[in-house]
Amino acid sequence: FTAYPFEEKASFDSDNIQLKDIWKVGWRTQRLCANETFFDCPYYEQLQYIGDTRIQALVSTYVSGDSRLTRNAIATLHESQLPWGITQSRFPCHQIQIIPTFSLVWVTMVYDYWMLNDDSVFVKSMIPGMMETLNWFKNRLDTSGMLGPVEWWNFVDWVQSKGWDNGNPPAAHTGNSAILSLQYVYTLEKASDVFEAYGMKDAAAAYRSLANKIKKAVLEKCYDSNRGLIADSPEKNTFSQHANILAVLTHTFPETVNKAAVIHTILNDKDLAQCTLYFKFYLFEALEKVGQADKFISALTPWKEMIANGLTTFAETPDPTRSDCHAWSASPLYYFLSLVSGIKPASPGFKSVKIEPHFGNLKNIDATMPHKHGPIRVKLKKDEKNRISGEITLPPDLKGIFIWKGNQIQLFEGKNKIDL
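Computed from a predicted structure; not experimentally measured. (Residues numbered from 1 in each chain as written. Predicted model: local features only at pLDDT ≥ 70, side-chain atom pairs only at ≥ 80, totals over all residues. Heavy atoms only, no water.)

**Points about the overall build of the chain**
Looking only at helices and strands, the chain features 12 helices and 11 strands. Computed over the C-alpha atoms, the radius of gyration of the chain is 21 Å, within 12% of the 22 Å expected from 2.2 N^0.38 for a compact globule of 420 residues. With the C-alpha coordinates of the chain rotated into their principal frame, the extents come out at 55 × 50 × 50 Å. Expressed as a percentage of its 420 residues, the buried residues of the chain come to 60%. (Helix = DSSP H or I, 4+ residues; strand = E, 2+ residues; numbered from the N terminus. Rg over C-alpha atoms; globule rule 2.2 N^0.38 Å. Buried < 20%, exposed > 50% of the residue type's maximum accessible area, 1.4 Å probe, protein only.)

This is the structure in structure tokens:
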């Protein structure tokens, strides 16, 4: 065994023993995919692909509290940036490969790092590169208001469905892909928060305005009122979980649309192109976005099946798979802590905390997460009447809020009793 020396400082326990198994296998997968850099798998390429790396960075930071490899990844991938604006898809690597969608993910990695780490000078140094990537995509918007044809490999997910080709979604190369356009919006919105925090208010406003224009174009051209869904393109001949997940994450649907109903369709309509293990990371984020996070635990069936099949690490894709060890599939560990236990930074640099648990069908949660000031512990139980009780312990010099069913409680350093 050889790996980067991450320490397992976080823990997650509940009354569902299967989740403990997922934690154990997921952390082993994560460890085996991190050495001198993060990489996609210990057997095949051993390359730091951005799409994988964002998930690995969040998992490792939440479980170990160690962001050094994440900082190195962001800086290294920034060094891969090409003269015309976007990053390479993987780096370090002697062979250039370009996945424009992964360059967008690199921008969101900077956002994640900014929220979790108090490292202002480093984040600020990434802003020119972030803007170059955003502007590369801006130059590919066409008269429809959506992205026109986007060159190279526009990998989104390993989907085997009509219109998808080697991970490229429908209309990626012909133009007006709802998926690519909304991923751009998702990135613009996160980047704008960073820019505004660094005093770039005009740039932040301009990018938010651009995001709103793209959302309006996607809604006008791709929304199918009969199905209540966003199609993959204006032709409206293919539909996917992916387009609708991104529409949820970017508030693209009209206010009048029932978002819980959209999530129900995303989860249950098998005619939609289905997410594989990688893109379920974004599905889980969408569940939380519209108040459906309690569905997360029941959505873990693919991970339970991998364990039942004898895997001791999580695979790249559902069977038939190539790689049996792919850390983008370790994403449930991040969500055990950030979504089920509800631990998230409430302000950039993790200078305050928001704790909003989502039990699903669990009765009790006992989770610990490392913070630069010390461990955060959430120990709670829920009864049949949705009454919640327990204790939240914060380290010195950390304050925050606890949220449960619309109620808010101020949290202070030390032990905080919860009874709602």
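From this point on, the discussion continues.
**What to know about the nonpolar core**
Among the nonpolar cores identified, the biggest contains 139 residues, and Met 130 and Phe 296 are the most heavily contacted of them. By residue number, the principal contributor to this core is helix α4 (residues 100-116), which donates 12 residues. In this structure, Met 130 is in contact with Trp 106, Val 107, Val 110, Ala 191, Val 194 and Phe 195, ignoring residues within four places of it in sequence. (Core = buried A, V, L, I, M, F, W, Y, C linked by side-chain atoms within 4.5 Å. Contact = heavy atoms within 4.5 Å.)

**Quick word on the layout of surface pockets**
The space that makes up the largest pocket amounts to roughly 750 Å³. Residue lining of the largest pocket: 29 residues in total, with Tyr 111, Lys 190, Glu 285, Lys 289 and Lys 344 positioned closest to the centre. Of all elements in the fold, only α2 (50-64), α4, α6 (178-197), α7 (201-222), α10 (280-289), α12 (331-340) and β4 (343-345) reach the threshold of two or more residues within the lining of the largest pocket. Looking at the lining of the largest pocket residue by residue, the class counts come to 13 nonpolar, 3 polar and 13 charged. (1 Å grid on protein atoms, 1.4 Å probe; cavity = no way out; pocket = protein on both sides within 12 Å on 5 of 7 lines; lining within 4 Å. Points joined across faces, edges and corners; volume = space filled by probe spheres on them. Nonpolar A, V, L, I, M, F, W, Y, C, P; charged D, E, K, R; others polar.)

**Looking at the packing of aromatic side chains**
Taken as a whole and judged by the stated rule, the model has 35 aromatic pairs. A centroid spacing of 6.0 Å and a plane angle of 80 degrees characterise the contact between Tyr 186 and Tyr 282, whose relative ring orientation is edge-to-face. Separated by 96 residues along the polypeptide, Tyr 186 in helix α6 and Tyr 282 in helix α10 bring together distant segments of the chain. Sitting above the plane of the Tyr 44 ring, Arg 322 keeps its charged end 4.4 Å from the centroid. Sitting over the ring of Trp 404, Lys 405 keeps its end group 5.0 Å from the ring centre. (Phe/Tyr/Trp six-rings, centres within 6.5 Å; stacked < 30°, edge-to-face > 60°. Lys NZ or Arg CZ within 6 Å of the ring centre and 35° of its normal.)

**Re unusual backbone geometry**
It is generally the case that most residues other than glycine have a negative phi and that most peptide bonds are trans. In this chain, Phe 91 is followed by Pro 92 through a cis amide linkage whose omega measures 0 degrees. Structurally, Pro 92 is set in the loop between α3 (68-79) and α4. One non-glycine residue, Phe 350, adopts positive backbone phi at about 55 degrees. For Phe 350, a relative accessible area of 3% puts it in the buried group. Although it is not a glycine, Asp 397 sits at a positive phi angle of roughly 65 degrees. You can see Asp 397 is positioned in the loop between β8 (388-394) and β9 (399-404).

**Re the state of the cysteines**
Taken as a whole, this structure holds 0 disulfides when the rule is applied. In this structure Cys 325 is a free cysteine whose sulfur lies 4.0 Å from that of Cys 33, the closest cysteine sulfur available. Using a relative accessible area of 8% as the deciding quantity, one classes Cys 325 as buried. (Disulfide = S-S within 2.5 Å.)

**Concerning the sheet that holds β4**
Across a sheet, paired strands are connected by hydrogen bonds in the backbone, their directions being either parallel or antiparallel. Strand order in the open sheet made by the 4 strands is β4-β5-β9-β10, with mixed pairing throughout. Looking along the sheet, the strands with just one partner apiece sit at the ends: β4 and β10 (407-411). Strand after strand, the sheet turns through a mean of 25 degrees between neighbouring axes, direction not considered. Pairing between β4 and strand β5 (residues 352-355): 3 bridges, direction antiparallel. Bridged to Pro 345 within β5 is Val 353. (Pairing = 2+ DSSP bridges. Axes fitted to C-alpha atoms, helices over the stretch in contact; angles between N-to-C directions.)

**A closer look at helix α9 (residues 259-268)**
Among the residues making up α9, those that are buried are Val 262, Ile 263 and Ile 266. What you see down the axis of α9 is that its buried residues fit within an arc of 100 degrees, all on one side. Structurally, α9 contributes buried residues whose contacts are with α8 (241-249) and α10. The N-cap residue of α9 is Asn 258: its side-chain oxygen and the backbone nitrogen of Ala 260 are 2.9 Å apart. (Arc of directions from axis to C-beta. Polar contact = N/O pair within 3.5 Å; in protein donor to acceptor, adjacent residues only side chain to side chain.)

Distances and angles like these do not, on their own, reveal function.
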